[in-house]
Amino acid sequence: MEAVAEPGNLAGVRHIILVLSGKGGVGKSTISTELALALRHAGKKVGILDVDLCGPSVPRMLQAQGCAVHQCDNGWVPVFVDQEQSIALMSVGFLLETPDEAVVWRGPKKNALIRQFVSDVVWGELDFLVVDTPPGTSDEHISAVEALRPYQPLGAVLVTTPQTLSWPPGGVCGGCAAGADLLQEDRAASDRHCGKHERFRLPALRGEAPGRQAPCLWTPSL
Amino acid sequence: MEEVPHDCPGTDSAEAGRGTACQGCPNQRLCASGAGAAPDPAIEEIKEKMKTVKHKILVLSGKGGVGKSTFSAHLAHGLAEDENTQIALLDIDICGPSIPKIMGLEGEQVHQSGSGWSLVYVEDNLGVMSVGFLLSSPDDAVIWRGPKKNGMIKQFLRDVDWGEIDYLIVDTPPGTSDEHLSVVHYLSAAHIDGAVVITTPQEISLQDVRKEINFCHKVKLPIIGVVENMSGFVCPKCKKEAQIFPPTTGGAEAMCQDLKIPLLGRVPLDPQIGKSCDKGQSFLTEAPDSPATLAYRSIIQRIQEFCSLQPSHEEKLIGS
């Protein structure tokens, strides 16, 4: 049964962006965090919703580990990572008793928490809400997309790495709002010892996103 | 069942389905009917099927992209180099099945016989099973919720014609969720030798891997040890080592000392590994002199030693 999200808590959010990847470890949380920081640098108010319940990385990336979530009349108050309250963050990481506590939940309980994150967090007025997801195409993704659909997410950013094994399956795009853009993380390392810029590049056997119109947004260096 | 929330009275409790914590739980009706307390018949069926499988090893990590599938595949390749050893590799990463590609088996299909689903063979002594073989195209996404994934895992364990296997290696997705709970649950009567936990050196990985280790303790799964992957990069030009993923908090070594768990070894980054995986070839045979190959071989030997110390197959059968 789909939960009906309270319109109040997301009414002030102008744009919602999901950050997805079929593959783990390609840099979704890093990109989500950097995207939020870049948007803040551009003067925007940003929220990050971390729906990776088993491996919540965003609190650490924003040095917000150990922060507590407080309640107000309208729901949960997100954690603000700065004094200016320009980045609001919600993650299961804030709900754990210890950082090493494992969230050993089956799908239904994960779905319930994700719906709560969408409906019960008081996001306030935000220009962008970035939704960081775990790898895969399962409960978290389905629930997040279903819960966010009434708010018409702007789209999804797909993160990958050059090797073919990382290319996200086409169905990932079908599972979220239209307009998926591909963001490719290109790993290159400057070798400090021999002074040569050794492009340690994870080899790509295919040079473009297979079978779809997906502009490559950005290739950051490692 | 360990997967129930901590405020749940427990599925075999008298309060199951009736307590205040049960309100709104999707399984409330099931528990209230008493069905939750009944043993799952699949567990016994799988126990029977697993009688011909000597050793079962899970490859886990809390973190994605650390090299679980790569390691699982090369563990299988390494063990299968002894032609007298029968190896099976089971891929239970339902949403992101990498094993068919890494093993060079993309496009293969599963065949059924009277005795069940047949493994797809890479070598005579190395068979593989993955949801990837059930998809009509490698680009098809498996967008399933937990219960459907659990059903698939049960089918794999119960319906595959495993035959006489020396080592069953189970590759898992990242996390501590349905797939992990299900494989431990369904193999609960069949004895899992242990888990190999994969990490990379940086704290962002270690923090998830500590959760995974806690999961193992929670479900009483022995830990064979930790493998630190992507541990340093040796420049092919000057041979000096650089840390691409710096171990800012001491890496896996510090974590293992802290948690008193064996560190099985460190595998350095080698771009050839990624190439071999994309081509579906064994990195161990493509780059036999690479430091990464030497690391893999040492780790594989330690895993074999661990398994050889486990109770023998006959002792397990007698014990059960």
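Predicted, not measured: the structure shown is a model, and the values here were computed from it.

Attention shifts here to the overall build of chain B. Across its full length, chain B holds twelve helices and twelve strands. A globule of 320 residues ought to have a C-alpha radius of gyration of about 20 Å, and chain B, at 20 Å, matches this closely. Taking the principal axes of its C-alpha atoms as reference, chain B extends roughly 70 × 50 × 45 Å. Within chain B, the fraction of its 320 residues that count as buried is 55%. Pairs at least 24 apart in sequence give 76% of the contacts found in chain B among residues at least 6 apart. Of the roughly 13,200 Å² of accessible surface on chain B, a fraction of 49% belongs to carbon and sulfur atoms. Distance between charge centroids for chain B: 5 Å, based on 29 positive and 42 negative side chains.

Turning to the confidence of the model for chain B, a few remarks are in order. This prediction gives chain B a mean pLDDT of 88; 91% of its residues lie at or above 70. This complex was scored by the predictor with a pTM of 0.81 and an ipTM of 0.77.

Another point: the UniProt feature "binding site: ATP" (unreviewed entry) in chain B. Here, the residues flagged by UniProt with the feature "binding site: ATP" (unreviewed entry) are Gly 62, Lys 63, Gly 64, Gly 65, Val 66, Gly 67, Lys 68 and Ser 69 of chain B. Tracing the sequence through the fold places Gly 64 of chain B in the loop between β1 (53-60) and α3 (68-80). Those residues in contact with Gly 64 of chain B that sit more than four places away from it in its chain are Gly 24 and Gly 25 of chain A together with Pro 174 of chain B. When near neighbours in sequence (up to four residues on either side) are disregarded, Gly 65 of chain B contacts Lys 23, Gly 24 and Gly 25 of chain A together with Met 230 of chain B.

Before going further, it helps to examine the packing of α3 of chain B against helix α11 (residues 291-308) of chain B. Residues and elements named next belong to chain B. Between α3 and α11, the shortest axis-to-axis distance is 10 Å and the interhelical angle comes to 75 degrees. The angle between the axes of α3 and α11 places the two elements in the roughly perpendicular class. Within the contact between the two elements, α3 uses Thr 70, Phe 71, His 74, Leu 75, Gly 78 and Leu 79 and α11 uses Tyr 296, Ile 299, Ile 300, Ile 303 and Gln 304. Partitioning the contact of α3 with α11 into residue classes produces seven nonpolar, four polar and no charged.

What follows deals with the interface of chain B and chain A. Counting residues at the interface gives 52 residues for chain B and 49 residues for chain A. Surface buried jointly by chain B and chain A totals about 4,400 Å² across both partners, of which 59% is contributed by carbon and sulfur atoms. In terms of surface lost to chain A, no three residues of chain B exceed Arg 145, Lys 211 and Asp 278 of chain B, which account for 16% of the buried area on that side. Put simply, chain B and chain A have three salt bridges between them. Residues Asp 178 of chain B and Arg 106 of chain A are paired through a salt bridge, measuring 3.5 Å at the closest nitrogen-oxygen approach.

What follows concerns the sheet that holds strand β5 (residues 120-123) of chain B. Sheet strands pair via backbone hydrogen bonds, and the direction of the pair is either parallel or antiparallel. Residue and element names in this part refer to chain B. The eight strands are arranged β5-β6-β2-β7-β1-β8-β9-β12 in an open sheet whose pairing can be described as mixed. Each end of this open sheet is capped by a strand with a single partner; those strands are β5 and β12 (263-266). With direction set aside, neighbouring strand axes in the sheet form an average angle of 20 degrees. Here five bridges tie strand β8 (residues 194-199) to strand β9 (residues 223-228), and the two strands are oriented parallel to one another. Each residue of the ladder has a partner; that of Val 196, found in β9, is Gly 225.

The next thing to look at is the side chain of Thr 85 of chain B. Relative to the elements of secondary structure, Thr 85 of chain B occurs in the loop between α3 and β2 (87-91). Exposure remark for Thr 85 of chain B: the relative accessible area of 11% places this residue in the buried category.

This part covers the domain arrangement of chain B. According to the domain assignment, chain B contains domain 1 (1-38) and domain 2 (53-319). Relative placement of domain 1 of chain B and domain 2 of chain B: their C-alpha centres are 33 Å apart.

All names here are of chain B. Counted according to the given criterion, the structure contains four aromatic pairs over all chains. With a centroid separation of 5.9 Å and an interplanar angle of 75 degrees, the aromatic rings of Trp 117 and Phe 156 are classed as edge-to-face. In this pair, Trp 117 sits in strand β4 (residues 116-117) while Phe 156 sits in helix α5 (residues 146-159), placing the two residues 39 residues apart along the sequence. Residue class for Phe 156 comes out buried when judged on its relative accessible area of 0%. Relative to Tyr 296, the ring of Phe 283 has its centre 6.3 Å away and its plane inclined at 70 degrees; by these criteria the two rings are edge-to-face. Taken together, the positions of Phe 283 in helix α10 (residues 283-286) and Tyr 296 in helix α11 put the pair 13 residues apart, joining distant regions of the chain.

Okay, the side chain of Asp 127 of chain A next. Residue and element names in this part refer to chain A. Within the secondary structure, Asp 127 is located in strand β7 (residues 126-132). In this structure Asp 127 comes out as buried when scored by relative accessible area, which is 17%. In contact with Asp 127, other than residues within four places in its own chain, are Arg 14, His 15, Lys 44 and Lys 45.

Conventions used here
- Per chain, residues are indexed from 1 in the order of the written sequence.
- For naming, the first written chain is A and the first written ligand is 1, with later ones following in the order written.
- Confidence filtering applies because this is a predicted model: local features only for residues at pLDDT of at least 70, side-chain atom pairs given and counted only at 80 or more, and all residues used for totals across whole chains, interfaces and linings.
- Hydrogens are left out, water is left out, and the side-chain values use all remaining heavy atoms of the structure.
- Every helix listed is a DSSP run of H or I at least four residues long, and every strand listed is a run of E at least two residues long, numbered separately from the N terminus.
- In this setup the radius of gyration rests on C-alpha atoms only. A globule is expected at 2.2 Å times the number of residues raised to 0.38.
- Burial classes: relative accessible area under 20% of the type maximum marks a residue as buried, over 50% as exposed, and values in between as partly exposed (1.4 Å probe, protein chains only).
- Residue contacts follow a heavy-atom distance rule, with two residues in contact if any of their heavy atoms lie within 4.5 Å.
- We get accessible surface area from the Shrake-Rupley algorithm with a probe of 1.4 Å; when it comes to residues, only the shown protein chains can shield them.
- Under the counting rule used here, the positive set is Lys and Arg, the negative set is Asp and Glu, and His together with the chain ends is not counted.
- All charge positions are set by atom: Lys at NZ, Arg at CZ, Asp at CG, Glu at CD.
- Known as pLDDT, the predictor's per-residue confidence is scaled from 0 to 100.
- UniProt positions are given in the numbering used here, feature names are shortened, and annotations may be inferred rather than shown by experiment.
- Here the axes come from fitting lines to C-alpha atoms, over the contacting stretch only for helices, and the angles between their N-to-C directions go from 0 to 180 degrees.
- An angle below 35 degrees is treated as roughly parallel, one above 145 as roughly antiparallel, one from 65 to 115 as roughly perpendicular, and anything else as oblique.
- Following the grouping adopted for this structure description, the nonpolar residues are Ala, Val, Leu, Ile, Met, Phe, Trp, Tyr, Cys and Pro, the charged ones are Asp, Glu, Lys and Arg, and the polar ones are all others, Gly among them.
- Accessible surface is computed with a 1.4 Å probe, and the buried area is the amount of it that two parts give up when combined, taken over both parts together.
- Salt bridges are defined as contacts in which a side-chain nitrogen from Lys or Arg sits within 4 Å of a carboxyl oxygen from Asp or Glu.
- Here the rule is simple: two strands pair whenever DSSP picks up at least two bridges between them.
- Each domain span listed reflects an automatic or database assignment of domains.
- When the centres of two rings from Phe, Tyr and Trp lie within 6.5 Å, Trp using its six-membered ring, the rings pair. Their planes under 30 degrees apart give stacked, over 60 give edge-to-face, and anything left gives tilted.

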